[in-house]
Amino acid sequence: MRSVLRYAAAAAALAVIGAGCASKAPSSGGTASGGKKEFVIGYAQSNNAEPYRAQLNLQLKYFVKQHPGLKLLPISDAHQSSATQVSQVQSFIQQKVDVLIVSPNEPAPLTAAVQQACQAKIPVIILDRSVNTDCYTSFIGGDNYEIGKKAGEEAARELPNGGNVVELRGILSDQPQIDRDKGFRDAIAANPKIKIIAGREAKWLKDDAVPVMQQWLSRYPKIDLVYGHNDPMALGAYLAAKAQHREGQIKFIGIDGLAIPDGGIRAVQLGELSSTFVYPTAAKEAAETADAIAHGRPVPKKQVLHTTQVTKDNAADLYKQYDMSGKAGG
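Residues numbered from 1 in each chain as written. Predicted model: local features only at pLDDT ≥ 70, side-chain atom pairs only at ≥ 80, totals over all residues. Heavy atoms only, no water.

*Asks:* Describe the nonpolar core, naming the residues involved and giving the relevant values.
*Replies:* One broad rule of soluble globular proteins: the nonpolar side chains tend to lie buried together. Among the nonpolar cores identified, the biggest contains 42 residues, and Ile41, Tyr43, Leu60, Ile101, Ile125, Leu127 and Tyr227 are the most heavily contacted of them. In terms of residue count, the dominant contributor to this core is helix 10 (residues 283-294) (six residues). Beyond its immediate stretch of four places on either side in the chain, isoleucine 125 contacts Val99, Leu100, Ile101, Val102, Ser138, Ile140, Ala286, Thr289, Ala290 and Ile293. Counting 33 residues, the second largest nonpolar core, distinct from the first, contains Leu168, Trp216, Leu273 and Ala315. (Core = buried A, V, L, I, M, F, W, Y, C linked by side-chain atoms within 4.5 Å. Buried < 20%, exposed > 50% of the residue type's maximum accessible area, 1.4 Å probe, protein only. Helix = DSSP H or I, 4+ residues; strand = E, 2+ residues; numbered from the N terminus. Contact = heavy atoms within 4.5 Å.)

Here it is as C-alpha cells:
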C-alpha cells in the first residue's frame, strides 16, 4: 500500500505535464553536430542483477564508445524498485542530460517520470519495456508476443501427445511478461492435450525460480515441460529438478539466448535447456539512435528487433555470432 501511495503521489505531482508533451534534441548547443563537445546520455536501468540487463549495460558502454562525441553517464540501477527508478530518472532530468534511455521496471509508475523528461525537451529512448505514454522519441525492443508464440510452438513440438507444463513468469505488470504469456498460450491452444498446470511470478530471477520449482516438483508427480519467461528462471527450474534427479524427465524452454558462459545459448549446448530464443539487448541500436539524435537525424518511433531460435544444431554458430566477450567484457 505504501508503494501504491508513493506512485500515486508521484503521478499527481507530475499531472500538470499532460499527455501531449513531445521530446526533441536540445535546440541550442544540444547536439554533437552543433559544436557541443559531448552529447551526454543517462541510462535508467531496471535491475542490474539480471544477466540480460548486465550484458545490456556492458554492450551499451561498448557501442556508445564507437560514436565520438557521445558520453554515457554511470548507469543507474533501480534494483527492481519502481520508486527508486522514478527518482533516478528525475535525477537525470535535473542533470540536464541530452538524451535519456529508460528500461522501465514497470509501465505505470514510470510513465509520469518519462513525461517529465519529455516536458523538459529531453529525447527519451525506451528499451524493451513499455510506458503508458507515446511522448518518447523511440522505442526499441523485441516482439515479445512473437517470441512467446515461438516458444509455444516449440513446446507443441516437444509434446506432440500432450503433457503438463509449468510456467515461470516475469514481473506480472511488465508488458514483456504479459506478451510472452499470451503468445505461448495462443500457440499451445492448437493441442488441447497440453495443459499449463501451474504458473507463478519469479520476477525474472534464477534465485526466485528455484524454490517455486521445488514446490511444484513436490506437488506434481508429472511435469513434462517448463516454460521460463527468461533463461535464468528456466535454469533455476533445471537446477531444482536436477537436485531431485528429475531433470531427464522434463524439457526446459527459456528466452534471452545470451552468448555468455552461464547464458541460454551455452545451456542449450550443454543440454540443460532444450531451446531458447535470442532476445536482442538493443544496445547497438540504442547507441545508434542516440548518435542520430545528437546529429539531428530522424529516428524511427518504433524499432522492433527480430529473434532467432537456439537449438543444439545452431547453438555453437550463434554463440560465435553474438559473443562480445572480447569487446564488451561480457
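There is more to say after this.
*Asks:* Can you lay out the environment of asparagine 191 for me, pointing to particular residues and giving the numbers?
*Replies:* Within the fold, asparagine 191 resides in the loop between helix 6 (175-188) and strand 8 (194-201). Through-space distance from the C-alpha of asparagine 191 to that of leucine 159 is 9.1 Å; in sequence the pair is 32 residues apart. Beyond its immediate chain neighbours, meaning those up to four positions away, asparagine 191 contacts Leu159, Pro160 and Gly162. Among the polar contacts listed, one links the side chain of asparagine 191 to the backbone oxygen of proline 160, at a separation of 3.4 Å. (Polar contact = N/O pair within 3.5 Å; in protein donor to acceptor, adjacent residues only side chain to side chain.)

*Asks:* Pulling in residues and values, what's your account of the sheet that holds strand 8?
*Replies:* Taken in spatial order, the four strands of this open sheet run 8-7-9-10, and their pairing is parallel. The open sheet has two free edges, formed respectively by strand 8 and strand 10 (251-253), since each of these has just one partner strand. Neighbour-to-neighbour, the strand axes of this sheet turn through a mean angle of 20°, independent of strand direction. Looking at chain direction, strand 7 (residues 163-169) and strand 8 are connected through seven bridges and run parallel. Each residue of the ladder has a partner; that of asparagine 164, found in strand 8, is lysine 195. (Pairing = 2+ DSSP bridges. Axes fitted to C-alpha atoms, helices over the stretch in contact; angles between N-to-C directions.)

*Asks:* Go over the side chain of glutamine 88 with me, naming the residues and quoting the values.
*Replies:* Following the sequence through the fold, glutamine 88 ends up in helix 3 (residues 82-94). Of the residues examined, glutamine 88 reaches a relative accessible area of 17% and is grouped as buried. Beyond its immediate chain neighbours, meaning those up to four positions away, glutamine 88 contacts Gln45, Ser76, Asp77 and Ala78.

*Asks:* Outline helix 5 (residues 144-158), listing residues and values.
*Replies:* Under the 1.5 Å per step criterion, the end-to-end length of helix 5 is 21 Å for 15 residues, consistent within 8% with the ideal 21 Å. Turning to helix 5, its buried residues number three or more, namely Asn144, Ile147, Gly148, Ala151, Gly152, Glu154 and Ala155. For helix 5, the buried positions fall inside an angular range of 160° around the axis, keeping them on one side. Its side-chain oxygen 3.3 Å from the backbone nitrogen of tyrosine 145, aspartate 143 forms the N-cap of helix 5. (Expected span 1.5 Å × (residues − 1). Arc of directions from axis to C-beta.)

*Asks:* Explain the pattern of salt bridges residue by residue, including any values.
*Replies:* Scanning the entire structure with this criterion turns up 15 salt bridges. Between arginine 157 and glutamate 154 there is a salt bridge whose closest N-O contact spans 2.9 Å. On the criterion of helical spacing, the pair formed by arginine 157 and glutamate 154 is a turn pair, its members being three residues apart in helix 5. Close ionic contact of aspartate 291 with arginine 297 constitutes a salt bridge, the shortest N to O distance being 3.2 Å. Salt bridges linked by common partners bring Glu50, Arg53, Asp128, Arg129 and Asp174 together as one network. (Salt bridge = Lys/Arg side-chain N within 4 Å of Asp/Glu carboxyl O.)

*Asks:* Hey, could you go over the state of the cysteines for me, with residue numbers and the actual values?
*Replies:* In this structure the tally under the stated criterion is one disulfide. Cysteine 118 shares a disulfide with cysteine 135; S-S distance 2.2 Å. Residues cysteine 118 and cysteine 135 are joined through a disulfide that is right-handed, its torsion about the S-S bond being 75°. One end of the pair, cysteine 118, is in helix 4 (residues 107-119); the other, cysteine 135, is in the loop between strand 5 (124-127) and strand 6 (138-142), and 17 residues separate them in sequence. (Disulfide = S-S within 2.5 Å.)

*Asks:* Tell me about the environment of glycine 236, and please be specific about residues and values.
*Replies:* On the secondary structure map, glycine 236 appears in helix 8 (residues 231-243). Along the backbone, glycine 236 and aspartate 207 are 29 residues apart, and their C-alpha atoms lie at a distance of 6.6 Å. Those residues in contact with glycine 236 that sit more than four places away from it in its chain are Lys206, Ala209 and Val210.

*Asks:* Account for the packing of aromatic side chains, naming residues and giving values.
*Replies:* By the definition in use, this model includes four aromatic pairs. Between phenylalanine 184 and tyrosine 227, the aromatic rings sit 4.0 Å apart at their centres with planes inclined by 10°, giving stacked as the arrangement. Here phenylalanine 184, found in helix 6, pairs with tyrosine 227, found in strand 9 (residues 225-228); they are 43 residues apart in sequence, far enough to count as distant. Residue phenylalanine 184 is classed as buried on the basis of its relative accessible area, which comes to 0%. A residue is classified by how much of its surface remains accessible, and tyrosine 227, at 0% relative accessible area, is buried. Positioned above the aromatic ring of tyrosine 319, the side-chain terminus of arginine 266 is 4.0 Å from the ring centre. Above the face of the tyrosine 136 ring, lysine 301 is positioned so that its terminal group lies 4.4 Å from the ring centre. (Phe/Tyr/Trp six-rings, centres within 6.5 Å; stacked < 30°, edge-to-face > 60°. Lys NZ or Arg CZ within 6 Å of the ring centre and 35° of its normal.)

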